[in-house]
Number of protein chains: 2
Amino acid sequence: MQSVAVAAGVSPMTVSNSFRYPQRVHEETRERVLQIAAELGYVPNHAAGNLASGQSRVIGAVIPSIKNSSFYNYVRGMQEHVADNGYQLILKLADSLEQEAAAIRTLIGLRVAGIALVGDEHEDSARTLLKKTGVPVVEAWVHRNPFDMAVGYSTIDATRAIVELLIVQGYTRIGFVGYEGDVSHRFTERLPAFIQCVEQAGLSSHRIFLIDQAHGFGAGPKALEGLCSIDPELDAIICPTDIVAAGVLFECGRRGWKVPERLAVAGWGDYEIASEITPGITSVHPHAYEMGQNAMSLIIERANGNTRQQVTVDTGFHIVERAST
Amino acid sequence: MQSVAVAAGVSPMTVSNSFRYPQRVHEETRERVLQIAAELGYVPNHAAGNLASGQSRVIGAVIPSIKNSSFYNYVRGMQEHVADNGYQLILKLADSLEQEAAAIRTLIGLRVAGIALVGDEHEDSARTLLKKTGVPVVEAWVHRNPFDMAVGYSTIDATRAIVELLIVQGYTRIGFVGYEGDVSHRFTERLPAFIQCVEQAGLSSHRIFLIDQAHGFGAGPKALEGLCSIDPELDAIICPTDIVAAGVLFECGRRGWKVPERLAVAGWGDYEIASEITPGITSVHPHAYEMGQNAMSLIIERANGNTRQQVTVDTGFHIVERAST
DNA sequence: AATTCAATTTGTAGCGCTACAATATTCTGC
DNA sequence: GCAGAATATTGTAGCGCTACAAATTGAATT
């Protein structure tokens, strides 16, 4: 900074202001400073700025995986929103709760302005740390009982919507594919909603099969086999993601089963494959882009001192009906 | 840090050493310090540490997109390697060269220990900045003419391998799908290799169709249509990614074409879908995990002062033969 | 008991920047 | 031409940490 200041014939403070508070500096001066900075390859040291001001223009987001495209639009929403507001987004990947806790520790070490997490299940140590440091936290993809702030949609309502659609379309032997073990509420909430909804319609809710979350397409054949051993005349299947649904479709192809005549297949997430595969997969579209935008918006508002009363944003969802049901 | 020091009855310097140089501190003392730090929710301020030491244990990686799973194993390789060496990885997403340049500026502002990029095409301003700051840079997925260091494999050799496989299998009317416009060398290198290789075999190289990189599965039908209008009797097709190949497979399904009898389909990247779809897609497996590992390894070595002579690592590839060819 | 040496701990200075208050400069209106 | 306001610029101190050198401690040796 010093050398830029000398080269531009101003004080270091003016260089600092040119970057951080452009309107405080006379336009002509600012342009000269920025040009010389560019020539000298000077980029303000964020670490020093952060230390001096106690503020940060970097927001961290932890996402569970990039294995599937589910988070593409979520990240895009975050990215575009922060860019519009002069912030920067950095990402950390975490496949497990331990990794999430480590990622949170890194982000806190970096003294980011806020942290966006996915889901509402976190390690106790991470919760404690977040609480103690008081950093703004948004949980995305969930919409109740926020730890701090939350943005999401009701997976219960969405489950109900998809079950009701299948019932209206005349399916009666509906199977449900869930994830086994410790997985996020955004998955575990669906099963009770399914059971309640099919029983309300006077149908049986015993067609349930749980698979390992780690599997992608491969889960499809496994799930189909599992459900068929419960009821060989299964006529519809609700999958936890479009990837699993596509796996089921592939397996139907191998078996020579017509979709949806022999079996209706519903997915979740409205991934790109849902619209491109034949038949297209009926799916829950979760407004991921808006979720990303709102997550950043909540953090930026909090960082600017606006403590909002309403700390949960419901971005809703909609059902995309396609040929698979 | 001060309050941890007081609570533990040691000097701030001992707290610092407990975190940064554990072996310098007596085990008993260290454990007490770390335990009190945990109780107090103290996480060392990376900004201050970075400022004081001029060193950073954070490495930044810029990846083009998480839309497809192509970079999953690459990121996993990076992640696991840095964790083993006491470093941290942060990710930035960039869909365009401008976004990449912005991401690089952010990472430089953060004074990261090194930067991993994908491909060898970058904005001039970004190149200049990287050169001037001297931060260690690895370009991944390319393996020649590194800007600083590089880790990748030869897309030319891989193209040759896949073309030769098709020729050996008896296909003669081979079509090639490429990307139009300004895309990375890791794509543009393939077309000349394709042309050279088919001509060497005495075949015609006029079956070429370029598509927009932005399209995913949807590119498949477009490409197939385009190539069929060049040669309706096309008997094999080489796609730029497995996603496009899957799109072609979907389209073949709609047309009632048998794969590989009517048309052989080759993909690239060995994404999960390649092994799960029926028929499985013959694909180029790029050893992405090893690429990620090596990228981090090069940066960490450089950060530790070991200037290696060999700045390019070839992680190779292999062809996975499946039923689609 | 004195000396040596290694292991452990501790002050001090300063990293590059920004908050804040103070100062310098330019612009109004009369 | 001048007071007063508005705009633009500048010192100073300090953010939280670590490099480095110096100091302390304890055990082993003479």
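Worth saying up front: this structure is predicted, and the values here are computed from it rather than measured.

### Examining the overall build of chain A
Part 1 of the argument: Scanning chain A from N- to C-terminus turns up 14 helices and 12 strands.
Part 2 of the argument: Referenced to the eigenvectors of the C-alpha coordinate spread, the extents of chain A come out at roughly 80 × 40 × 30 Å.
Part 3 of the argument: Within chain A, contacts between residues separated by at least 24 positions form 68% of all contacts whose residues are at least 6 apart in sequence.
Part 4 of the argument: Accessible surface computed for chain A: about 13,300 Å², of which carbon and sulfur atoms make up 49%.

### Re the side chain of Ser205 of chain B
Residue and element names in this part refer to chain B.
Part 1 of the argument: Structurally, the position occupied by Ser205 is in the loop between helix 10 (190-200) and strand 7 (208-211).
Part 2 of the argument: Its relative accessible area of 13% is what places Ser205 among the buried residues.
Part 3 of the argument: Within polar-contact distance, the side chain of Ser205 engages the side chain of Glu199 at 2.8 Å.
Part 4 of the argument: The contacts of Ser205, once residues within four sequence positions are left out, are Phe194, Ile195, Val198 and Glu199.

### Observations regarding the domain arrangement of chain A
All names here are of chain A.
Part 1 of the argument: Here chain A is described as being made up of domain 1 (2-44), domain 2 (56-153 + 288-316) and domain 3 (155-285).
Part 2 of the argument: Inter-centroid distance (C-alpha atoms) of domain 2 to domain 3 is 29 Å.
Part 3 of the argument: Opposite the 13 residues of domain 2 that make contact, domain 3 presents 14 residues.
Part 4 of the argument: Note on domain 2 versus domain 3: buried area summed over both sides is about 1,000 Å², and carbon and sulfur give 44% of it.
Part 5 of the argument: Inspection of the domain 2/domain 3 interface yields one salt bridge.

### Digging into the protein's contact with DNA strand D
Part 1 of the argument: Taken together, 23 residues form the shell around DNA strand D, and within it Thr14 of chain A together with Met1, Ser16, Arg20 and Tyr42 of chain B come nearest.
Part 2 of the argument: The sugar-phosphate share of atoms of DNA strand D within 4 Å of the protein amounts to 69%.
Part 3 of the argument: Contact between DNA strand D and Ser11 of chain A: a phosphate oxygen at 2.9 Å from a main-chain N or O atom of the residue.
Part 4 of the argument: Separating a phosphate oxygen of DNA strand D from a side-chain N or O atom of Tyr42 of chain B is a distance of 2.6 Å.
Part 5 of the argument: Elements with a minimum of two residues in the surface near DNA strand D: helix 2 (12-20) and helix 4 (46-53) of chain A together with helix 2 (12-20) and helix 4 (46-53) of chain B.
Part 6 of the argument: Counting residues per element, the surface near DNA strand D draws most heavily on helix 4 of chain B, at four residues.

Thresholds applied
Residues numbered from 1 in each chain as written. Chains lettered and ligands numbered in written order. Predicted model: local features only at pLDDT ≥ 70, side-chain atom pairs only at ≥ 80, totals over all residues. Heavy atoms only, no water. Helix = DSSP H or I, 4+ residues; strand = E, 2+ residues; numbered from the N terminus. Contact = heavy atoms within 4.5 Å. Areas by Shrake-Rupley, 256 points an atom, 1.4 Å probe, with all protein chains shown as cover. Buried < 20%, exposed > 50% of the residue type's maximum accessible area, 1.4 Å probe, protein only. Polar contact = N/O pair within 3.5 Å; in protein donor to acceptor, adjacent residues only side chain to side chain. Domains from an automatic or database assignment. Buried area = accessible area lost by both parts, 1.4 Å probe. Salt bridge = Lys/Arg side-chain N within 4 Å of Asp/Glu carboxyl O. Near = heavy atom within 4 Å.

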